[in-house]
Amino acid sequence: MAEPVETKVTAATAAAYVTSTGLLAALAVVQNDVRLVGWMPDAVAPFVLAVVPTLMTFAAGWKARHTPRLGAR
C-alpha cells in the first residue's frame, strides 16, 4: 500500500499551484500593460516571473511541519 503524502509535499504543491495560477491570472489581466515587465529584457522576464512561484513553494515547504514517521523500516 502506498505511503501517505507528507504534509510538506502537500503544502509545497498547493503553494506552487495557487501562486503560479494567480501569477498567470494577474498577467492575463494586465497583459496590455507593459509596465509590469517592460523594464526587463525579453530574454530575462520569464525567468524572473518563474521565481515567484518557486519562492512561494520553497516557503510553504519550509514552513510546513514534517509528517511523523510511525515506524522504522
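Note that the structure is predicted; figures quoted are calculated from it, not measured.

### Describing the overall build of the protein chain
In step 1: The helix and strand tally for the protein chain stands at two helices and zero strands.
In step 2: Here the protein chain holds 73 residues, and 15% of them are scored as buried.
In step 3: Within the protein chain, contacts between residues at least 6 apart in sequence are counted, and of these 83% link residues at least 24 apart.
In step 4: Only carbon and sulfur atoms are counted for the fraction: they give 70% of the accessible area of the protein chain, which is about 6,200 Å².

### Brief notes about the side chain of Lys8
In step 1: Examined against the element boundaries, Lys8 turns out to sit in helix α1 (residues 7–29).
In step 2: Of note is the side chain of Lys8, whose polar atom sits 2.5 Å from the backbone oxygen of Gly61.

### Quick word on α1
In step 1: Relative to the 33 Å expected for 23 residues at 1.5 Å per residue, α1 spans 33 Å between its end C-alpha atoms, a close match to the ideal helical length.
In step 2: Three or more residues of α1 are buried, namely Lys8, Ala12, Ala15, Thr19 and Leu23.
In step 3: Next to the buried residues of α1 lie α2 (45–63).

### Comments concerning the environment of Ala11
In step 1: Residue placement: Ala11 occurs in helix α1.
In step 2: Classification of Ala11 by relative accessible area gives partly exposed; the value is 24%.
In step 3: If near-sequence neighbours (up to four positions away) are discounted, Ala11 is found in contact with Ala60 and Ala64.

### A few points about α2
In step 1: Taking 1.5 Å of rise per residue, 19 residues should cover 27 Å, and α2 covers 28 Å from first to last C-alpha, within 8% of that figure.
In step 2: All buried positions along α2 are accounted for by Ala45, Pro53, Ala60 and Gly61.
In step 3: Along its buried surface, α2 packs onto α1.

About the thresholds
- Residues numbered from 1 in each chain as written.
- Predicted model: local features only at pLDDT ≥ 70, side-chain atom pairs only at ≥ 80, totals over all residues.
- Heavy atoms only, no water.
- Helix = DSSP H or I, 4+ residues; strand = E, 2+ residues; numbered from the N terminus.
- Buried < 20%, exposed > 50% of the residue type's maximum accessible area, 1.4 Å probe, protein only.
- Contact = heavy atoms within 4.5 Å.
- Areas by Shrake-Rupley, 256 points an atom, 1.4 Å probe, with all protein chains shown as cover.
- Polar contact = N/O pair within 3.5 Å; in protein donor to acceptor, adjacent residues only side chain to side chain.
- Expected span 1.5 Å × (residues − 1).

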